[in-house]
Each structure stands twice: as C-alpha cells, then as structure tokens.
Amino acid sequence: MRQTRIVVPCYNESQRLQPHSFLAALRSDPSLSFLFVNDGSRDDTLRILTSIRDKNPAQVDVLDLEVNCGKAEAVRRGILEASEGPFDYIGYWDADLATPLEVITEFREVLEKRHVDAVLGARVRLLGRRIKRRPLRHYLGRIFATFASLLLGMNVYDTQCGAKIFRNSTALKIVFSSPFKVRWTFDVEVLARFPLVLEAPSLEVCANWVEYPLEEWYDVKGSKVSMTDYLKAMAEFATLFVYLRTPARKGYKRYLDGWNSRPVESRV
C-alpha cells in the first residue's frame, strides 16, 4: 500500500482545529499520516497537536517551529522533512479543513490511475458542487488566478487552493529545498519552480499535473487572509515576474541548485 504524508501548517489554530476529524481519517486509512507544523503559535495549538500525536504516534508527527515563520516557510520545512521519509505521496492541507480530508483518497486515486506527478485542488463553482466562498474573495481570486496563469505560462484555474498532493521525487525535494522569495503567493512559486528544476517547458511539466474540481469547499470563519493580503499578493507578482521572466531567471536557477547541494539539516 502506497504511503502518504500530509503536511498541515498551523498558526494559532486552537479554535479551528478538529482533532477528531484527523484521527478518524487515520483510523480509516493506515497508509495515511500527518506532519503538523506548529508555526510559532501563541495559543493552545501546540498542546492540541501534541495530544493528537499522543493518540496515534505511529501516524502523526509534530514539527515545532518556535518562531513564527509564515505559512510558506512552515509548508516548505514540512515538505522537506517529509520528502526524506518512506512516503510515495506528499502534500499539504489547510488546518481548517476547508477541503475535507476525505478528498485525500480521491487525489491519490487520480495519482495512481492517471500516473501523474501532482493533483491540485480547484475550487470551481459548478452546479451540483458545494463551494461556499464569500463573493468578493471569489472574484478577487479569479483576478489573481488569471495573473498567475499568465505568469506561469500554464492554464491553472486555482493556484491558491490549500490542498495539493505530489508524487515524492528528487524534483520535489529540490523545489522545496530553498526558501521562497515570496510569502503570500508561495503556491505560485512552487509551481513555477518545477519547470526550472526539471529543465523543461512549463506546458510539458504541467501536462503531468491534474487540477481536481472539489465537490465541496467552505470558507471557514477565522481565516487569517485579509483584503490587505490580496494587495500584498498582487505586489508579489512583480517579484516573481523578475525571477521568472527576466535575465534574473538564470540567477534564480543557480539559487535553487545551490540550496539543493546543501545537507538537509542546513536547508532550514
């Protein structure tokens, strides 16, 4: 049975964490495990994560970052640690479970049946699907996605959905080896790094990915994303444009290669 590890970044999530949901998912699937990354939380998050681990230490680990680094760095460190383990599939998932954990099984079925390298959740508002998102966030998200698609040179519908699973590979390790240049749009940077690492055209690389329209997704109360963050995210496109579409691209590629050559313990 193929082993899957899901990284769950957590920052002050004590009011939104659902321990019973994570434990139930583990009971129903012995091939699944979670790596919770406590990103310097100042509330009761670490205690809750520790209690989840204590109830199922065989399938749960906790990586405690004493200082808050931001979601991008928390995900990066979690993926990097997981990639060194005996896991076939590695992904990351939002702690609020806006995307239900049951979808993990569906993602893995796509990975196995279609032999692709990644499955990315997509919040597509279609008839018969329960995508509950505040209207303003939805429309701002569509504008953001259009810019992201143009920047990446890929027809990506939803770069920012917090549910993604990748096939464990050398390319995955290299992609997550070096700190991201942006914070709010790190998902875009993740996707942008694969063509650089694989030294292949963007369209060729993304031909091995699948965007999976979610049956349901809920805009959970307490989200830390504000309107200001959307403005920051748009500003970060300028940074990514420089690294991806100007002569600085060569230096960025050297940056990725240089960090990958370091020992694992020095990449944090």
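Student: Quick question: what am I supposed to make of the state of the cysteines here?
Tutor: Between two cysteines, a covalent bond joining their sulfur atoms is known as a disulfide. Summed over the entire model, instances satisfying the criterion amount to zero disulfides. Of all cysteine sulfurs, the one in Cys69 lies closest to Cys10, which takes part in no disulfide; the gap is 14 Å. A residue is classified by how much of its surface remains accessible, and Cys10, at 1% relative accessible area, is buried. Among the residues examined, Cys69 registers a relative accessible area of 24% and is labelled partly exposed.

Student: So what exactly am I meant to see when it comes to the pairing of strand β5 (residues 118-122) here?
Tutor: The side chains of a regular strand alternate between both faces of the sheet. Most of β5 sits inside the fold, with five of its five residues counted as buried. Every second residue of β5 is oriented toward a common face, with Ala118, Leu120 and Ala122 on one face and Val119 and Gly121 on the other, all of them buried. As paired elements, β5 and strand β7 (residues 163-167) share three bridges and run antiparallel to each other. Following the sheet pairing, Ala118 is matched in β7 by Phe166. In terms of strand pairing, β5 meets strand β8 (residues 209-213) through five bridges, oriented parallel. Note on β8: the bridge partner recorded for Val119 is Val210.

Student: Please clarify how the nonpolar core should be interpreted in this entry.
Tutor: Soluble, globular proteins show a tendency: their nonpolar side chains are buried together. One finds Ile79, Tyr92, Phe166, Phe176, Val190, Phe194 and Trp209 to be the most contacted residues of the largest nonpolar core, which totals 49 residues. The element best represented in this core is helix α7 (residues 186-198), accounting for eight residues.

Student: Can you walk me through the packing of aromatic side chains in this structure?
Tutor: What characterises a pair of aromatic rings is the spacing of the ring centres plus the angle enclosed by the ring planes. Enumeration over the complete set of coordinates arrives at 15 aromatic pairs. Taking 5.0 Å as the distance between ring centres and 80° as the angle between the ring planes, the aromatic pair formed by Phe22 and Phe36 counts as edge-to-face. One end of the pair, Phe22, is in helix α1 (residues 19-28); the other, Phe36, is in strand β2 (residues 32-39), and 14 residues separate them in sequence. Of the aromatic side chains, those joined through ring pairs into one cluster are Tyr92, Phe166, Phe176, Phe180, Phe186, Phe194 and Trp209. It is Arg123 that lies over the ring of Trp217; its NZ or CZ is 4.9 Å from the centre. Looking at Arg142, its charged tip hangs above the ring of Tyr157, at a distance of 3.7 Å from the centre.

Student: Mind showing me how you'd approach the packing of α7 against helix α10 (residues 248-260) here?
Tutor: Packed helix pairs are specified by the crossing angle of their axes together with the interaxial distance, meaning the distance between the axes. In contact at an axis separation of 11 Å, α7 and α10 are set at 90° when each is read in the N-to-C sense. Viewed along their axes, α7 and α10 adopt a mutual orientation that is roughly perpendicular. Note on element contacts: α10 touches α7 through Arg249, Tyr252, Lys253, Tyr255 and Leu256, opposite Glu189, Arg193, Leu196 and Val197. Here the residues of the contact of α7 with α10 sort into five nonpolar, no polar and four charged.

Student: I keep staring at the sheet that holds strand β1 (residues 4-10) and nothing clicks. Help me out?
Tutor: Strand pairing within a sheet occurs via backbone hydrogen bonds; the two strands may be parallel or antiparallel. Taken in spatial order, the seven strands make up an open sheet running β3-β2-β1-β4-β7-β5-β8, and their pairing is mixed. Pairing within the sheet leaves two strands with one partner each, and these edge strands are β3 (60-65) and β8. Going from strand to strand, the sheet's axes swing by 20° on average, the running direction of each strand aside. Examined bridge by bridge, β1 and strand β4 (residues 89-93) share four bridges and lie parallel to one another. Bridging from a neighbouring strand, Ile6 pairs with Gly91 of β4. Strand contacts of helix α2 (residues 45-55): β1, β2 and β3, with the helix running at about 155° to β3, the strand carrying the most contacts.

Student: Looking at this structure, I do not really get the pattern of salt bridges. What am I missing?
Tutor: Across all of its chains, the model carries 18 salt bridges by this definition. Across the salt bridge formed by Glu73 and Arg76, the nearest N and O atoms sit 2.9 Å from each other. Of this pair, Glu73 and Arg76 both sit in helix α3 (residues 71-83), three residues apart, which is roughly one turn of the helix. Arg76 sits in the buried class, given a relative accessible area of 0%. Its salt-bridge partner being Arg123, residue Asp158 comes within 2.7 Å of it at the nearest N-O pair. Of this pair, Asp158 sits in the loop between α5 (135-152) and β7 while Arg123 sits in the loop between β5 and β6 (130-132), and the two are 35 residues apart along the sequence. Like Arg123, Asp158 is buried. Each of Glu13, Arg16 and Asp96 takes part in one network of salt bridges that share partners.

Criteria and thresholds
Residues numbered from 1 in each chain as written. Predicted model: local features only at pLDDT ≥ 70, side-chain atom pairs only at ≥ 80, totals over all residues. Heavy atoms only, no water. Disulfide = S-S within 2.5 Å. Buried < 20%, exposed > 50% of the residue type's maximum accessible area, 1.4 Å probe, protein only. Helix = DSSP H or I, 4+ residues; strand = E, 2+ residues; numbered from the N terminus. Pairing = 2+ DSSP bridges. Core = buried A, V, L, I, M, F, W, Y, C linked by side-chain atoms within 4.5 Å. Phe/Tyr/Trp six-rings, centres within 6.5 Å; stacked < 30°, edge-to-face > 60°. Lys NZ or Arg CZ within 6 Å of the ring centre and 35° of its normal. Axes fitted to C-alpha atoms, helices over the stretch in contact; angles between N-to-C directions. Parallel < 35°, antiparallel > 145°, perpendicular 65-115°, else oblique. Contact = heavy atoms within 4.5 Å. Nonpolar A, V, L, I, M, F, W, Y, C, P; charged D, E, K, R; others polar. Salt bridge = Lys/Arg side-chain N within 4 Å of Asp/Glu carboxyl O.

Coordinates in, geometry out; function isn't part of it.
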